[in-house]
Amino acid sequence: MADPLLVQFGIAVTAIALVGALASRIGLSVIPAYIVVGILVGPNPPTAIGDVSLRLVRTGEFIDLLAELGIVFLLFFLGLEFSLQQLVSNRDRLVKVGLVDLGINFLLGLGLGVLFGFSWLESFFLAGIVYISSSAVITKSLIDQGWIANAESEPILGTLVFEDIFIAVYLALLSAVALGEGTPMDAAISIGTSIAFLALLVGVAWYGSEYVERLFQTESNELFLLRVTGITVLIAGTALAMGISEAVAAFFVGTMFSQTDHVSRIEQVLSPTRDLFAAVFFFSIGLSTDITLLADVLLLLGVAVLITTIGKFVSGTLSGRSYGLDRTRSFRVGLGMVPRGEFSLVLSTLAMSVGTGALGELIPAFTVGYVLIMSILGTLLIQHADRVTNTLETAFT
Amino acid sequence: MTIYESEIPGVGHKFELELDGEERLVVIIHHDGKRELYRRPSPNEDSVKLASLTGKKARQLGSILEGAYFQPVEMDELNVPLGESIIEWIEVKAESPLTGQTLEEAAIRRRTGVSVIAIQRGEETIANPKPDTTIESGDILVAIGTREEQAELTTLLTTDEGN
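These numbers were taken from a predicted model, which means no experiment stands behind them.

Across its full length, chain B carries four helices and nine strands. Counting helices and strands in the order they occur from the N terminus, chain B gives β-β-β-β-β-α-β-α-α-β-β-β-α. By the burial criterion, 36% of the 163 residues in chain B qualify as buried. Long-range pairs, those at least 24 residues apart, make up 41% of the contacts in chain B between residues at least 6 apart in sequence. Only carbon and sulfur atoms are counted for the fraction: they give 49% of the accessible area of chain B, which is about 10,000 Å².

A word on the nonpolar core. Residues and elements named next belong to chain A. I35, L75, F125, F257 and F366 are the most contacted members of the largest nonpolar core, which totals 132 residues. It is helix α3 (residues 61-80) that contributes the most residues to this core, 14 residues altogether. The contacts of F125, once residues within four sequence positions are left out, are Y170, L174, A178, L347, L350, A351, L359 and I363.

Turning our attention to the pattern of salt bridges. Tallied over the entire structure, the rule returns 20 salt bridges over all chains. Between B:R40 and B:E16 there is a salt bridge whose closest N-O contact spans 3.1 Å. Of this pair, B:R40 sits in strand β4 (residues 35-40) while B:E16 is found in strand β2 (residues 12-18), placing the two residues 24 residues apart along the sequence. One salt-bridge network, in which partners are shared between bridges, spans A:E152, A:R329, A:R332, A:D386 and B:D46.

With that settled, the discussion passes to the packing of helix α5 (residues 91-115) of chain A against helix α14 (residues 298-322) of chain A. All names here are of chain A. Packing of α5 against α14 leaves a shortest axis separation of 9 Å and a crossing angle of 165 degrees. On the basis of the axis angle, α5 is roughly antiparallel to α14. Regarding α5 and α14, the two cross each other, and that crossing is right-handed. Taken together, the residues of α14 that come into contact with α5 (itself represented by K96, V97, V100, D101, I104, N105, L108 and L112) are L300, V303, A304, I307, T308, G311, K312, V314, S315, L318, S319 and S322. For the contact of α5 with α14, the residue count by class is eleven nonpolar, six polar and three charged.

On to the confidence of the model for chain B. All names here are of chain B. Per-chain confidence: chain B averages 82 in pLDDT, with 88% of residues scoring 70 or above. Below pLDDT 50 for its whole length, residues 75-79 participates in one contact with residues either more than four positions away or in separate chains. The ipTM, which scores confidence in the relative placement of chains, is 0.72 for this predicted complex, and the corresponding pTM is 0.75.

A common way to state how big an interface is: give the accessible area lost once the parts meet. Taken together, the contact between chain B and chain A spans 19 residues of the former and 19 residues of the latter. Across the chain B/chain A interface, buried area totals approximately 1,500 Å², and carbon plus sulfur atoms make up 48% of it. Our count for the contact surface shared by chain B and chain A stands at two salt bridges. A:R332 is paired through a salt bridge with B:D46; the nearest N and O atoms lie 2.9 Å apart. Taken together, the links from chain B to chain A amount to ten residue pairs in polar contact (both at pLDDT 80 or more). The set of elements that each furnish at least two residues to the side of chain B that touches chain A consists of β1 (3-8), β2, β3 (24-30) and β4 of chain B. Taken together, the residues of the side of chain B that touches chain A sort by class into seven nonpolar, five polar and seven charged.

Moving on to the environment of A:V371. Residue and element names in this part refer to chain A. Position of V371 among the secondary structure elements: in helix α17 (residues 362-383). Judged by relative accessible area, which is 0%, V371 ranks as buried. Taking the C-alpha atoms as reference, V371 lies 7.9 Å from P339; in sequence the two are 32 residues apart. Not counting residues within four places of it along the chain, the set of residues in contact with V371 comprises I35, R340, G341, S344 and L345.

For the rest of this paragraph, the subject is the packing of aromatic side chains. Residue and element names in this part refer to chain A. Using the criterion set out here, one finds 16 aromatic pairs over all chains in the structure. Ring-pair connections join several aromatic residues into one group, and the members of that group are F106, W120, F124, Y131, F166 and Y170. Its end group placed over the ring of F224, R265 keeps NZ or CZ at 4.3 Å from the ring centre.

We now examine the layout of surface pockets. Roughly 1,400 Å³ of internal volume is contained in the largest pocket. Taken together, 50 residues make up the lining of the largest pocket; nearest its centre are A:A136, A:T139, A:K140, A:R274 and B:G10. Those elements that place two or more of their residues in the lining of the largest pocket are α2 (30-41), α3, α7 (135-145), α8 (153-179), α13 (263-287), α16 (342-354) and α17 of chain A. Considered class by class, the residues forming the lining of the largest pocket number 24 nonpolar, 16 polar and ten charged. Of the voids in this model, the second largest pocket is the one considered here, and its volume is about 640 Å³. Lining the second largest pocket are 29 residues, with A:R93, A:A151, A:E154, B:K14 and B:E16 positioned closest to its centre. For the lining of the second largest pocket, the secondary structure elements donating two or more residues are α5 and α8 of chain A together with β1 and β2 of chain B. Among the residues forming the lining of the second largest pocket, the class breakdown is ten nonpolar, eight polar and eleven charged.

Residue and element names in this part refer to chain A. With 21 residues, helix α1 (residues 5-25) should cover 30 Å at 1.5 Å per step; its first-to-last C-alpha distance of 30 Å lies within 8% of that length. What α1 keeps buried is the set Q8, A12, A15, I16, V19, G20 and A23. Viewed along the axis of α1, the buried residues span an arc of 130 degrees, placing them on a single side of the element. Seen from the open side of α1, the exposed residues pointing more than 90 degrees away from its buried face are L6, L18, L22 and R25. Turning to α1, the residues buried within the fold contact α2, α3 and α13. Looking one or two residues beyond α1, the residue adopting positive phi is G27, at roughly 75 degrees.

Procedures and definitions
Residues numbered from 1 in each chain as written. Chains lettered and ligands numbered in written order. Predicted model: local features only at pLDDT ≥ 70, side-chain atom pairs only at ≥ 80, totals over all residues. Heavy atoms only, no water. Helix = DSSP H or I, 4+ residues; strand = E, 2+ residues; numbered from the N terminus. Buried < 20%, exposed > 50% of the residue type's maximum accessible area, 1.4 Å probe, protein only. Contact = heavy atoms within 4.5 Å. Areas by Shrake-Rupley, 256 points an atom, 1.4 Å probe, with all protein chains shown as cover. Core = buried A, V, L, I, M, F, W, Y, C linked by side-chain atoms within 4.5 Å. Salt bridge = Lys/Arg side-chain N within 4 Å of Asp/Glu carboxyl O. Axes fitted to C-alpha atoms, helices over the stretch in contact; angles between N-to-C directions. Parallel < 35°, antiparallel > 145°, perpendicular 65-115°, else oblique. Left-handed = near helix turned anticlockwise from the far one by under 90°. Nonpolar A, V, L, I, M, F, W, Y, C, P; charged D, E, K, R; others polar. pLDDT = per-residue confidence, 0-100. Buried area = accessible area lost by both parts, 1.4 Å probe. Polar contact = N/O pair within 3.5 Å; in protein donor to acceptor, adjacent residues only side chain to side chain. Phe/Tyr/Trp six-rings, centres within 6.5 Å; stacked < 30°, edge-to-face > 60°. Lys NZ or Arg CZ within 6 Å of the ring centre and 35° of its normal. 1 Å grid on protein atoms, 1.4 Å probe; cavity = no way out; pocket = protein on both sides within 12 Å on 5 of 7 lines; lining within 4 Å. Points joined across faces, edges and corners; volume = space filled by probe spheres on them. Expected span 1.5 Å × (residues − 1). Arc of directions from axis to C-beta.

Shown next, in the form of structure tokens:
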């Protein structure tokens, strides 16, 4: 059946909308729902219910493009909301909780990779994937749960800020190393161009904010949307063409705007665009997932879920303590950090684009399973935090 | 009063207002304009969500709290065009510097521009009060004047001015 592309896209967005509504109804994060529906209607098994074909949406250039825009917008907003002032004013505390979080969870990931016989590069990907908590899922849960107005939200949000900056730098390094494979000379050139290009963007972000401010001054929301989207996608695309991660470039374009007065307008005007493309990104992850591959990573998945949940719980509890919170609240910080999501998937997309060894199939399959479990488990842990902390309190006293 | 402001990445801004003792009022302004209001009785207790408001409703609430926004619901009896003026009902608190003074001593019209056209005292309404009528705590002054003048009266009636 040769459906027009429009029908496929219609099916995709409708499916996303339906499961999104369902997930919100039962109080779960929407990200796993988008992935699952992608798996269901995609070209990989399961392919049919009885005689009804489920291969409704085939991956193709157009979905890939929209998904890529999803990554670009996710990272662009990350850069946009990146607050230098906040970072500087809370520097000591932030760095402390950030390092505790990094030290425990990143090393756990690295150890996991070595234990399961991955190469160093593969292990570094794995470490990044299990380390980075999901800002999107966590902030949403904080709001739903009312924790956002409590003291525990501070160390949680602080750690997220640290993680987000770390992951931007990490993506840049990892993609330079992974994509610049070949002779050490090639790698050096690749890393060099990345650094030069990103330094240019950082320079504009730092010194050119007044210029950016004026360049994007316009009454019309429509023209504003077009200009910001245009420049962001153009720079991200150019970066990609030069062999630099588009996600990292988009992050720096975001920071370029973060110093201007356009921030709240971008948030109002461009959020819907981001939401649409980001949803398609999660959906496309589902499309390209072959769940039969999950069987090969089942053990790794089980071990990873167990130890990284404990890892975040421990690092979060320590962070809460260092912010002077009582035990119950510190436990909440630990539980709050458990959800993983969008950035793990961005990392696995990068891994897939490298495509060698375990990076091509095994790690992406693992990441999908991992994000599905951790986003749901994490949301549930936050929702039932009182019961969990009560149990822990009695266990420890 | 101390107000703490902080940015919440991806969400918006958070303001914490110190109330009496350890109690705090927490206001979250989301990027999409939604406002959420929480009350936290003490640092060790959980915040309780009081309300979620749209941008417009939040601005109305804000101006009501500020004393600048008041729309009497029952205006049936008042058919007289008031021009710029509005009628407001303002309670005299016990700590108000005007309690115990007569209307003449308080010189409300001279100091604020509003005219006190009636005083509600419990069940009783003193229409057209005389200059020697004493203002008592708990009285509700029915005053006519422009918005600015009404705001002046509110200031006059609160003790803050004296401090």
